[in-house]
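Here's the letter readout for the chains.
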Amino acid sequence: MMQDNYKKYGELFQVDSDHFEEFYALLHDTRLLKSDFFLKQGEKCRYLGFIKKGTIRCFYINDQGREINFGFYFENEFFTDYESILCDTVSNMNIQALENCEILLLSKDHLQTLYKKEAYWQQFGRMMSEKIYLDAKKRIDDLLCYSPENRYLNLVKKQPALFQKIAQKHIASYLGVTEQSLSRIRSRIVN
């Protein structure tokens, strides 16, 4: 059974076979129903999540009360509010299931215990932090350096499945445009 889990998740978790069983034993299998929250603004994030099945979105609520989507996460991807975990502060973001989800959770406490055990886990944590940083930087670069049309084209190229799973209003928010602007962008590209 553990060998099957290693074949399925070892590379995705970036954990070698010598450490996989120790890591996997700390994971908690759980489910979120569509619209359930993994994390709400004002709460402290206590878990790192991994999606076995389903779709998750991260969003903020701006000072006008509008939802601003920051990220979408799909099967075989990690999600969390890493800032809340690192700094032990309340979150500014919401993390919500867009469909029924099966997820694996690693608690902040278990992660910290691993870090203290040996250098391998410290390296694991560093690599995870670097990936989260690079993903956030790419997101910021997209918003600052590209036009809405180019952001749309980049999204189509990088995450084509997103358009089958995510509502138009969420995609528009993620791109930083209105739904009407997104419709105009799509019709210009098609024509």
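Quick summary incoming for the structure in this document. (Residues numbered from 1 in each chain as written. Predicted model: local features only at pLDDT ≥ 70, side-chain atom pairs only at ≥ 80, totals over all residues. Heavy atoms only, no water.)

### As for helix α2 (residues 17–25)
Helical geometry note: an α-helix holds 3.6 residues per turn, so side chains three or four residues apart project in the same direction. Here α2 has its buried residues at H19, F20, F23 and Y24. For α2, the buried positions fall inside an angular range of 135° around the axis, keeping them on one side. Exposed side of α2, more than 90 degrees from the buried face: D18, E21 and A25 are the residues found there. Residues of α2 that are buried in the fold lie against α1 (2–13), β8 (101–107), α4 (108–117) and α5 (119–145). (Buried < 20%, exposed > 50% of the residue type's maximum accessible area, 1.4 Å probe, protein only. Helix = DSSP H or I, 4+ residues; strand = E, 2+ residues; numbered from the N terminus. Arc of directions from axis to C-beta. Contact = heavy atoms within 4.5 Å.)

### Structural notes on the pairing of strand β7 (residues 94–97)
Because side chains alternate across β7, one face comprises the buried residues N94 and Q96, and the other comprises I95 and A97, equally buried. The pairing of strand β4 (residues 56–61) with β7 spans four bridges and is classified as antiparallel. By the bridge assignment, C58 is partnered in β7 with I95. (Pairing = 2+ DSSP bridges.)

### Brief notes about the side chain of S84
Along the chain, the position of S84 falls in helix α3 (residues 82–87). Among the residues examined, S84 registers a relative accessible area of 2% and is labelled buried. A polar contact of 2.8 Å, which involves the side chain of S84, links it to the backbone nitrogen of C45. (Polar contact = N/O pair within 3.5 Å; in protein donor to acceptor, adjacent residues only side chain to side chain.)

### Describing a nonpolar patch on the surface
Taken together, the side chains of I140, L143 and L144 present a nonpolar region at the surface, about 300 Å² in accessible area. Its location among the elements puts L143 in helix α5. With a relative accessible area of 37%, L143 lands in the partly exposed category. (Patch = residues over 30% accessible without salt bridge, like charges linked within 9 Å, V, L, I, M, F, W, Y side chains within 5 Å. Areas by Shrake-Rupley, 256 points an atom, 1.4 Å probe, with all protein chains shown as cover. Salt bridge = Lys/Arg side-chain N within 4 Å of Asp/Glu carboxyl O.)

### Here we look at helix α6 (residues 148–158)
Of the residues making up α6, those classed as buried are R151, Y152, N154 and L155. Projected down its long axis, α6 carries its buried residues within an arc of 165°, all on one side. Residues of α6 that are buried sit in contact with α5, α7 (162–165), α8 (168–175) and α9 (179–190).

### A few points about the layout of surface pockets
Considering only enclosed or pocket space, the largest pocket measures out at about 1,200 Å³ in volume. Along the wall of the largest pocket there are 40 residues; nearest its centre are Y73, K131, I132, D135 and A136. At 13 residues, α5 tops the list of elements feeding residues into the lining of the largest pocket. (1 Å grid on protein atoms, 1.4 Å probe; cavity = no way out; pocket = protein on both sides within 12 Å on 5 of 7 lines; lining within 4 Å. Points joined across faces, edges and corners; volume = space filled by probe spheres on them.)

### Re the packing of aromatic side chains
For the coordinates displayed, the defined rule picks out 19 aromatic pairs. Three or more aromatic residues joined by ring pairs make a cluster, and in this case those are Y6, Y9, F13, F20, F23, Y24, F50, F78, Y120, W121 and F124. The positively charged end of R57 is found above the aromatic ring belonging to F59, 3.7 Å away from the centroid. Between the NZ or CZ atom of R139 and the centre of the ring of Y174, over which it lies, the distance is 3.7 Å. (Phe/Tyr/Trp six-rings, centres within 6.5 Å; stacked < 30°, edge-to-face > 60°. Lys NZ or Arg CZ within 6 Å of the ring centre and 35° of its normal.)

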